[in-house]
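Here's the letter readout for the chains.
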Amino acid sequence: MASIEITAINKVYPNGFHAVHDLDISVADGEFMVLVGPSGCGKTTALRMVAGLEEITSGSVQIGATDVTTLPARERDIAMVFQNYALYPHMTVAQNIGFALSLRKLSKDEIDRRVREAAEVLSLTEWLDRKPAQLSGGQRQRVAMGRAIVREPAVFLMDEPLSNLDAKLRVQMRAEVSRIQRRLGVATMYVTHDQTEAMTMGDRVVVLNAGVLQQCDEPQALYDNPDNLFVAGFMGSPAMNLYEATLNPDLSSLKLGSQSLSLPAAVPAQRPALRAYADKTVVVGLRPEHLSLASDGGASGQLLTVDTELVEALGSEQLLHFKIDARRIHAPGVDEEKEVGEAVLGIGVARIAPDGRVAAGERVRLAARPELMHLFDPATGEAIRA
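In what follows, the accompanying structure is described. Please read these numbers as outputs of a predicted model, since none were measured by experiment. (Residues numbered from 1 in each chain as written. Predicted model: local features only at pLDDT ≥ 70, side-chain atom pairs only at ≥ 80, totals over all residues. Heavy atoms only, no water.)

**Considering the overall build of the chain**
For step 1, the next point in the chain: Check the secondary structure of the chain and you find 9 helices and 22 strands.
For step 2, the next point in the chain: Relative to all contacts within the chain whose residues are 6 or more apart in sequence, the contacts with residues 24 or more apart total 70%.
For step 3, the next point in the chain: Roughly 17600 Å² of accessible area belongs to the chain as shown, and the carbon and sulfur atoms make up 48% of that amount.
For step 4, the next point in the chain: In the chain, the 39 positive side-chain charges and the 49 negative ones have mean positions that sit 5 Å from each other. (Helix = DSSP H or I, 4+ residues; strand = E, 2+ residues; numbered from the N terminus. Contact = heavy atoms within 4.5 Å. Areas by Shrake-Rupley, 256 points an atom, 1.4 Å probe, with all protein chains shown as cover. Lys, Arg positive; Asp, Glu negative; His and termini not counted. Charge placed at Lys NZ, Arg CZ, Asp CG, Glu CD.)

**Regarding the nonpolar core**
For soluble globular proteins, the rule of thumb is that nonpolar side chains tend to be buried together.
For step 1, the next point in the chain: One finds Ile97, Val177, Tyr190 and Val207 to be the most contacted residues of the largest nonpolar core, which totals 44 residues.
For step 2, the next point in the chain: When near neighbours in sequence (up to four residues on either side) are disregarded, Ile97 contacts Val115, Leu124, Leu128, Val143, Gly146, Arg147 and Val150.
For step 3, the next point in the chain: Counting 31 residues, the second largest nonpolar core, distinct from the first, contains Ala2, Ile6, Ala46 and Val155. (Core = buried A, V, L, I, M, F, W, Y, C linked by side-chain atoms within 4.5 Å. Buried < 20%, exposed > 50% of the residue type's maximum accessible area, 1.4 Å probe, protein only.)

**Concerning the environment of Arg365**
For step 1, the next point in the chain: Secondary-structure assignment places Arg365 in strand β21 (residues 363–368).
For step 2, the next point in the chain: Its relative accessible area of 41% is what places Arg365 among the partly exposed residues.
For step 3, the next point in the chain: Between the C-alpha atoms of Arg365 and Thr305, which are 60 residues apart in sequence, the distance is 4.5 Å.

**Notes on the environment of Leu293**
For step 1, the next point in the chain: Along the polypeptide, Leu293 turns up in strand β15 (residues 291–293).
For step 2, the next point in the chain: Residue classification places Leu293 among the partly exposed residues on the basis of a relative accessible area of 31%.
For step 3, the next point in the chain: Spatially, the C-alpha atoms of Leu293 and Ala148 are 50 Å apart, while their sequence positions differ by 145 residues.
For step 4, the next point in the chain: Setting aside residues up to four positions removed in sequence, Leu293 forms contacts with Leu320, Ile352, Gly356, Val358, Val364, Arg365, Leu366 and Ala367.

**Section: helix α1 (residues 43–51)**
For step 1, the next point in the chain: The buried fraction of α1 amounts to 7 of the 9 residues, a majority that puts the element mostly inside the structure.
For step 2, the next point in the chain: Of all the residues in α1, the buried ones are Lys43, Thr45, Ala46, Leu47, Met49, Val50 and Ala51.
For step 3, the next point in the chain: Trailing α1 by a residue or two, Gly52 shows a phi angle of about 90°, which is positive.

**Considerations on the sheet that holds strand β8 (residues 187–192)**
For step 1, the next point in the chain: The 6 strands lie next to each other as β6-β7-β8-β3-β9-β10, forming an open sheet whose pairing is mixed. Bordering the open sheet on either side are β6 (78–81) and β10 (212–217), each of which pairs with just one other strand. Across the sheet, the mean angle separating the axes of adjacent strands is 15° when strand polarity is ignored.
For step 2, the next point in the chain: Direction of pairing for strand β3 (residues 32–36) relative to strand β9 (residues 204–209): parallel, over a ladder of 4 bridges. Looking at the pairing, Met33 lines up with Arg204 of β9.
For step 3, the next point in the chain: Running over the sheet, helix α5 (residues 167–184) touches β3, β7 (155–159) and β8 and is turned about 140° from β3. (Pairing = 2+ DSSP bridges. Axes fitted to C-alpha atoms, helices over the stretch in contact; angles between N-to-C directions.)

**What to know about the side chain of Thr188**
For step 1, the next point in the chain: Secondary-structure assignment places Thr188 in strand β8.
For step 2, the next point in the chain: When neighbours within four sequence positions are excluded, Thr188 is seen to be in contact with Val27, Glu31, Phe32, Met33, Phe156, Met158 and Gln181.

**Section: the side chain of Gln195**
For step 1, the next point in the chain: On the secondary structure map, Gln195 appears in helix α6 (residues 195–201).
For step 2, the next point in the chain: Engagement of the side chain of Gln195 in a polar contact is seen with the backbone oxygen of Gly236, the distance being 3.4 Å.
For step 3, the next point in the chain: Apart from residues no more than four positions distant in its own chain, Gln195 is found in contact with Val36, Phe234, Met235, Gly236 and Ser237. (Polar contact = N/O pair within 3.5 Å; in protein donor to acceptor, adjacent residues only side chain to side chain.)

**Description of the state of the cysteines**
For step 1, the next point in the chain: In the structure shown here, the tally under the stated rule is 0 disulfides.
For step 2, the next point in the chain: No disulfide involves Cys216; its nearest neighbouring cysteine sulfur is the one of Cys41, lying 14 Å away.
For step 3, the next point in the chain: Taking relative accessible area as the criterion, Cys216 reaches 29% and is therefore assigned partly exposed. (Disulfide = S-S within 2.5 Å.)

**Some points on the packing of helix α2 (residues 93–103) against helix α4 (residues 137–150)**
For step 1, the next point in the chain: The contact between α2 and α4 brings their axes to 8 Å, and the two run at 35°. In this structure, α2 meets α4 at a crossing whose hand is right-handed. Of the residues in α4, those touching α2 at Val93, Asn96, Ile97 and Leu101 are Val143, Gly146, Arg147 and Val150.
For step 2, the next point in the chain: A per-class count over the contact of α2 with α4 returns 5 nonpolar, 2 polar and 1 charged. (Left-handed = near helix turned anticlockwise from the far one by under 90°. Nonpolar A, V, L, I, M, F, W, Y, C, P; charged D, E, K, R; others polar.)

If you want it as structure tokens, here you go:
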């Protein structure tokens, strides 16, 4: 087993396009590290540089105690699982899993042992004599993983392995892949554009945008404490509601459009840097679950009046889409046609209880939780904290 150390790697293509900028990542032995970001952010390029499938412009990659920066892919002791299963249709499951071992001239007994061990881990034992065409999408993906497992590599690299599966199967396979990785205890880098996959699977998550590392942390820490507007807007579905607001001089409240929201004393106390924004504009972030239908006894100063646009009933909850008299700031990854920080129509989403009775076109009051709001500098996009 081994760790992965990526130090200041860059990828610049001959046409001058800088795909990855000074990326530093450390993946501990046995850790499941997820790289997430929108299409074109550089996550797959970074993974391919670790695999040796893409030349590194500068920087270094170390696997275990070995610097593999200039080594060819076959000498890096890695196994890669791709989006495309690429199974041989004329071979059985057992033959597909053991094919790489046959090329390495291992004995028949050793190949059979490894294939059966991998099949047991992947719950494929009863399918070993089947052809790929007789398998479901999830089973085919497990066969592709089996080919990686039997090689007993130092590290696993996975490039969007679940993206070809339907939504229900993807949920099942997320748990399956996580279970298998933890059982094997091999350092794993996993690329996805799906933040739900990132949140549910990763021990830690790397968020990338335009080839630049935005934040690396445990999933819940990313969600609860985003470092900037990009991470705030990208992590979470529905996305965080982001609005332009003005703090009053004594930091006791802020103005959202024509409405005011009072701030508990704990808000500026926990964010000393907020003093520099007195009587200035900030960006306020409110997660949908931190907005709820206000009861008649709702605290004054914590209520926002909005106009209901649409209510989506999801069984366990409802998503209330609304308009608000405030300027919404573009959340990256939500509206791809807008630039980061660009103000758009004051729309938003709130998660409400499944028994809430609201109709489209109705004006309602939402109870906000100011102590849980996020505050960002409108110029830099950085979180305002200490």
